[in-house]
Structures are given as C-alpha cells and as structure tokens.
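Overview (structure and organization)
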Amino acid sequence: MLRTYSGACHCGRVRFEADIDVAAGTSKCNCSYCARMRMWSAQVRTDAFRLIAGEDDLADYRGNNPVAHHTFCRHCGIHPFEWVDTPNMSGIRYCNINVACLDGVDIGELLAAPLSYRDGRNNDWASTPTETRHL
C-alpha cells in the first residue's frame, strides 16, 4: 500500500517526504558505493519524492556511475537518498530512498517485502549478483 513517509539524516538538517509502497519491494546493490555503506533502498519516481529541508546541507558524490548522485548530509554524513539520472536501465529519472532513514517504518513490513539484489559491480543492474550475503 502506498504511504507517505517522512525521513531525515541523523542530525535532521536534511528532511524529505516520499510516497513508497514498501510491500512492492526494496533492493540492495553490490556496486562499490552501495556495498560499502550497505545501502538498502526503496525506489520511487522523482514526482513521489519531496525535499522538505536541507538542500544546502547536501553534498553530491558522483562515483563510477556517472548518472548516480549519491547525496549525503555535510554535517552528519548520513546518506538519506540518491537520485539517478537517465540514461539508465529504467529509462526514467528516479530516487533511491535509504529505508533506514524513514521515520516510523515498520521493520516487519520491510522484512516481509520482496528484496531484490542488483549487480552494479558488473554494470548488470537487471541481474542478481552471485553473492549477496554481505549486502
């Protein structure tokens, strides 16, 4: 069921809202960036995401994937969301929301939802990596 969640970085300077259907599933990626920070995300279209506060408090790190904007709070270092420009596998611009940054998210609902894995390390985003236990 689609629900509007609020979320924030650790210090609260960066705040957002996102319309997410947790039951539709979440994902984890093995790319060099996501695997190192153990990113667990829910993907939403950009029109389902609203930055409420902290635009000036965000830094934008661009790693090996030139269309991925890995944002993080300049003060506390937390990565509440990122956005991915086109061209990408989906053909649309979208946001990955860090589910650990959602206020009031039901952990049981997260665990019950389908979880997919992305093989970003090999730039094969539609495939599941051979090893996922570390993610």
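Structure: above.
Residues numbered from 1 in each chain as written. Predicted model: local features only at pLDDT ≥ 70, side-chain atom pairs only at ≥ 80, totals over all residues. Heavy atoms only, no water.

What follows concerns the pattern of salt bridges. Following the criterion strictly, the structure yields 5 salt bridges and no others. The shortest N-O distance in the salt bridge between Arg50 and Asp19 comes to 3.0 Å. Here Arg50, found in strand β5 (residues 49-53), pairs with Asp19, found in strand β2 (residues 15-20); they are 31 residues apart in sequence, far enough to count as distant. Across the pair Asp85 and Arg93 runs a salt bridge whose closest N-O atoms are separated by 2.9 Å. A relative accessible area of 40% means that Arg93 is categorised as partly exposed. Among the charged side chains, a network of salt bridges with common partners joins Glu17, Asp19 and Arg50. (Salt bridge = Lys/Arg side-chain N within 4 Å of Asp/Glu carboxyl O. Helix = DSSP H or I, 4+ residues; strand = E, 2+ residues; numbered from the N terminus. Buried < 20%, exposed > 50% of the residue type's maximum accessible area, 1.4 Å probe, protein only.)

For the structure on display, the rule yields 4 aromatic pairs. Here Phe16 and Phe81 contribute two aromatic rings whose centre-to-centre distance is 5.8 Å and whose plane-to-plane angle is 70°, an arrangement assigned as edge-to-face. With a gap of 65 residues between them, Phe16 in strand β2 and Phe81 in strand β8 (residues 81-84) connect regions that are remote in the sequence. You'll find Phe16 and Phe81 in the same group, each marked buried. Between the aromatic rings of Tyr33 and Tyr61, the centroid separation amounts to 5.5 Å while the plane-to-plane angle is 25°, which identifies the pairing as stacked. Of this pair, Tyr33 sits in helix α1 (residues 32-37) while Tyr61 sits in strand β6 (residues 58-61), placing them 28 residues apart in sequence. The exposure class of Tyr33 is partly exposed, given its relative accessible area of 21%. On the basis of relative accessibility, which here comes to 41%, the residue Tyr61 falls in the partly exposed class. (Phe/Tyr/Trp six-rings, centres within 6.5 Å; stacked < 30°, edge-to-face > 60°.)

With that settled, consider the side chain of His69. On the secondary structure map, His69 appears in strand β7 (residues 68-73). The exposure class of His69 is buried, given its relative accessible area of 7%. Residues within four places of His69 in sequence aside, it is in contact with Asp60, Tyr61, Arg62, Glu82, Trp83 and Asp85. (Contact = heavy atoms within 4.5 Å.)

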